[in-house]
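Coordinates in review
Listed here are the chains, written in short residue letters.
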Amino acid sequence: WWILIMNMLAYGVFFDALQAAYAFQGSLQQEFGLSATSLSFLTTGLMLTYALCAGLGAHLTNKFGARKAILIGLGIEVASSLLIPVFGGSYAGLLVLRVIQGVTGGILATPVVTSTAMWFPIRQRGLATGILMGVIGIGLSYVTFFAPRLLAAGLDWQWAMALVLVVPGAAIGLLYAFSVREIGKVYPGQLAIAELLQEDLPASMSAPDEIAKRPATLREAQRTFRFWALVLYGFNLAWLLYAFSVFLPPLLGADLGLDAAHATTILSLTFFVGFIGSPLGGVISDLVFKGQRYQVLMIGFSVTAVCLALVPFAPVSVLTVLLLLAYAGITFCIGPYWTIPSVFVQTGAVADLVGRLTLLVCIANFLVGPILALTIDLTGSAFLALYICVALAAVAVLMARAVRT
């Protein structure tokens, strides 16, 4: 559990950096006269290197271990943030630093997800990963909370941004270095806690001959249909997580005619449910399905597809419930999905698989906004964008059945 806490804090450092451009949005626009598009590049550039460097995170994890890989990622974040008062005075300089901060996320993603799963028994991995993913919002809210207070205290935005990123990054890095050890150091020769335990698991997950059939390398995994089904499911999962931010505001306002206050309330409640859905899905896959994940993946997206399909026909009195259930169905699948790599391949290939999935899944992050926004602009409505999401959720249900892990 201490490993889980430390991994949450370490991964949260990247989400601090991710949110920084939005938290200091007013100061940045005043300093550089930025348009909304120019401001978005400060986040898009970071997300691009985050995705592209996922493979680097896997390489460092395999070569040095998860602990050292995480410390390297945190070191890059602290160093790049320290340079904000030096180079952040120009838009180009700040953009370069944001791109470097994205490297932090790419490096951190694989060891954080992998080591969390490896430190827990199979029948607790869903809960652990669900908690890890469900509380990432703490990193986003931290910067949002402190940014205006540091500016009000008289700091200029460069020093305020550096301070709000360097202090937690350095503190968490030191705490991680002195309190976290690799599994192989604690239990010599072991790569996962599950290898030391006798768990009551389905034969397909615990029988030695079945385990031996798993792909031993990423290359072997990529030759299977199940791998590409897992990729497509993850792509649709990432798409739907971000899609709500794109189609929901115009759907509630322009299409359904809700006033701004009512629409804002629905939006806030919808996104908040993610803090509950992610751990809950993990617990159900751990306890009810005894460590198998595909059933929860099917249930979650089935709920999402049905509820979204009903939204255009629902009275306002049940609209909030449908949207809450639809988004909960998506977050319900996050924890179980990211535990699948730990049993999809043999232990030595888990980090490579997580890195490759992160890269391919994150493509959705760049496509969902432009595609859905263009769809809304061309049709003058958010309904087609909504139905695209319904179709992707339905396809994901089929992909989950194909994964069957």
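These notes cover the structure that comes with them. Note that the coordinates shown come from a computational prediction; the quantities given were computed from them, not determined experimentally. (Residues numbered from 1 in each chain as written. Predicted model: local features only at pLDDT ≥ 70, side-chain atom pairs only at ≥ 80, totals over all residues. Heavy atoms only, no water.)

Quick notes on the overall build of the protein
This is how it is decided: A run of H or I in DSSP becomes a helix once it reaches four residues, and a run of E becomes a strand once it reaches two; helices and strands are each numbered from the N terminus. As defined in this context, the radius of gyration uses C-alpha atoms, and a globule is described by 2.2 Å times the residue total to the power 0.38. Burial classes: relative accessible area under 20% of the type maximum marks a residue as buried, over 50% as exposed, and values in between as partly exposed (1.4 Å probe, protein chains only). Residue contacts are defined here by distance: any two heavy atoms, one from each residue, within 4.5 Å place the two residues in contact. The accessible surface values rely on the Shrake-Rupley method and a 1.4 Å probe; as for residues, cover is taken only from the protein chains in view. In this tally, Asp and Glu contribute negative charge and Lys and Arg positive charge; neither His nor the terminal groups of the chain are included. Positions of charges follow a simple convention, taking NZ of Lys, CZ of Arg, CG of Asp or CD of Glu.
A tally of helices and strands in the protein yields 24 helices and 0 strands. Taken over C-alpha atoms, the radius of gyration comes to 21 Å for the protein, in line with the 22 Å a tight globule of 405 residues would show. Each of the three principal axes of the protein carries a C-alpha extent, and together these read 60 × 55 × 30 Å. Of all 405 residues assigned to the protein, the portion counted as buried reaches 52%. The long-range share in the protein, meaning contacts at least 24 apart out of those at least 6 apart in sequence, stands at 82%. With the model as given, the accessible surface of the protein reaches about 16,700 Å², and the carbon-plus-sulfur share is 70%. Across the protein, the centroid of the 19 positively charged side chains sits 10 Å from that of the 16 negatively charged ones.

Comments concerning the state of the cysteines
Convention followed: For this text, the term disulfide refers to a pair of cysteine sulfurs within 2.5 Å.
Counted under the stated rule, the structure contains 0 disulfides. For Cys307, which is in no disulfide, the shortest distance to another cysteine sulfur is to Cys333 and amounts to 13 Å. For Cys307, a relative accessible area of 7% translates into the label buried. We note that Cys389 lacks a disulfide partner, and the nearest cysteine sulfur, in Cys307, lies 14 Å from it.

Let's talk about helix H23 (residues 363-379)
Given 3.6 residues per helical turn, the α-helix brings residues three or four places apart onto the same face. To keep things clear, this is the line we draw: Working rule for helices: expected span equals 1.5 Å times residues minus one. The directions from the helix axis to the C-beta atoms are what the arc is built from.
An ideal rise of 1.5 Å per residue puts 24 Å on 17 residues; H23 measures up with 24 Å between its terminal C-alpha atoms. Considered for burial, the residues of H23 that qualify are Ala364, Asn365, Val368, Leu372, Thr375 and Ile376. Relative to the axis of H23, the buried residues are bounded by an arc of 115° and lie together on one face. Turned more than 90 degrees away from the buried face of H23, the exposed residues are Pro370, Asp377 and Leu378.

Quick word on the pattern of salt bridges
Test applied: Any carboxyl oxygen of Asp or Glu within 4 Å of a side-chain nitrogen of Lys or Arg constitutes a salt bridge here.
Evaluation of the coordinates by the stated rule reveals 1 salt bridge. Here Arg293 and Asp286 are joined by a salt bridge, their closest N and O atoms 2.7 Å apart. Like Asp286, Arg293 is buried.

Some thoughts on the nonpolar core
Selection rule: Here, the term nonpolar core denotes a set of buried Ala, Val, Leu, Ile, Met, Phe, Trp, Tyr and Cys residues that are joined through side-chain atoms within 4.5 Å.
Grouped together as the largest cluster of nonpolar side chains are 112 residues, with contacts concentrated most on Phe247 and Phe301. Counting residues per element, this core draws most heavily on helix H15 (residues 225-255), at 16 residues. Ignoring any residue separated from it by four or fewer positions in sequence, one finds Phe247 in contact with Leu308, Ile376, Ala382, Ala385, Leu386 and Cys389.

Observations regarding a nonpolar patch on the surface
Definition in use: Each patch is built from residues lacking any salt bridge and having more than 30% relative accessible area; the joining distance is 9 Å for like charges and 5 Å for nonpolar side chains (Val, Leu, Ile, Met, Phe, Trp, Tyr).
Together, Trp2, Ile5, Leu9 and Leu175 give the surface a local cluster of nonpolar side chains, amounting to about 350 Å² of exposed area. Counting residues per element, the nonpolar patch draws most heavily on helix H1 (residues 2-23), which supplies 3 residues. With relative accessibility at 39%, the residue Ile5 sits in the partly exposed group.

As for unusual backbone geometry
Here the phi dihedral of Lys290 falls at roughly 55°; this positive angle occurs in a residue that is not glycine. Mapped onto the elements of the fold, Lys290 is located in the loop between helix H17 (274-287) and helix H18 (294-310).

As for the packing of aromatic side chains
Counted only if it meets this: To pair, rings of Phe, Tyr and Trp, with the six-membered ring standing in for Trp, must have centres within 6.5 Å; the planes then decide the type, stacked if under 30 degrees apart, edge-to-face if over 60, and tilted in the middle.
Evaluated as defined, the whole model comprises 13 aromatic pairs. Aromatic side chains Tyr233 and Tyr337 sit 5.8 Å apart centroid to centroid with 15° between the ring planes, which places their arrangement in the stacked category. Taken together, the positions of Tyr233 in helix H15 and Tyr337 in helix H20 (residues 334-339) put the pair 104 residues apart, joining distant regions of the chain. On the basis of relative accessibility, which here comes to 1%, the residue Tyr233 falls in the buried class. Taking relative accessible area as the criterion, Tyr337 reaches 1% and is therefore assigned buried.

A word on the packing of H23 against helix H24 (residues 383-403)
How two helices sit against one another is set out by the angle between their axes and by the gap between those axes. Stated precisely, the cut-off is as follows: Every axis corresponds to a line fitted to the C-alpha atoms, with the helix fit spanning only the stretch in contact, and the corresponding angles, defined between N-to-C directions, vary from 0 to 180 degrees. Oblique is the label for any angle not covered by the other classes, which are roughly parallel (under 35 degrees), roughly antiparallel (over 145) and roughly perpendicular (65 to 115). Classes in brief: Ala, Val, Leu, Ile, Met, Phe, Trp, Tyr, Cys and Pro nonpolar; Asp, Glu, Lys and Arg charged; the others, Gly included, polar.
In contact at an axis separation of 8 Å, H23 and H24 are set at 140° when each is read in the N-to-C sense. Of the possible angle classes, the one that applies to H23 and H24 is oblique. On H24, the residues that touch Leu372, Thr375, Ile376 and Thr379 of H23 are Leu384, Ala385, Ile388 and Cys389. Class assignment for the residues of the contact of H23 with H24 results in 6 nonpolar, 2 polar and no charged.

Brief notes about the side chain of Thr61
For clarity, the cut-off: Any pair of nitrogen or oxygen atoms within 3.5 Å is treated as a polar contact; in protein, a donor-acceptor pairing is required on top of that, and neighbouring residues in sequence qualify only through side-chain atoms on both sides.
Within the secondary structure, Thr61 sits in helix H4 (residues 54-64). Residue Thr61 is classed as buried on the basis of its relative accessible area, which comes to 10%. A distance of 2.7 Å separates a polar atom in the side chain of Thr61 from the backbone oxygen of Gly57. Filtering out sequence-adjacent residues up to four positions away, Thr61 remains in contact with Ala66, Ala69, Thr110, Pro111 and Ala351.

Observations regarding the side chain of Thr114
Mapping Thr114 onto the fold places it in helix H7 (residues 91-118). For Thr114, a relative accessible area of 10% gives the class buried. Excluding anything up to four places from it in sequence, Thr114 contacts Val350, Ala351 and Val354.

Digging into the environment of Gln19
Within the secondary structure, Gln19 sits in helix H1. According to the relative accessible area criterion, Gln19 is buried, its value standing at 18%. As a C-alpha pair, Gln19 and Thr144 span 125 residues in sequence and 7.3 Å in three-dimensional space.

A closer look at helix H22 (residues 350-361)
A rise of 1.5 Å per residue sets the reference length of H22, with its 12 residues, at 16 Å; its end C-alpha atoms lie 16 Å apart and thus fit the reference within 8%. Burial analysis of H22 places 9 of its 12 residues in the buried class, which makes it a mostly covered element. Val350, Ala351, Leu353, Val354, Gly355, Leu357, Thr358, Leu360 and Val361 are the residues of H22 that are buried.

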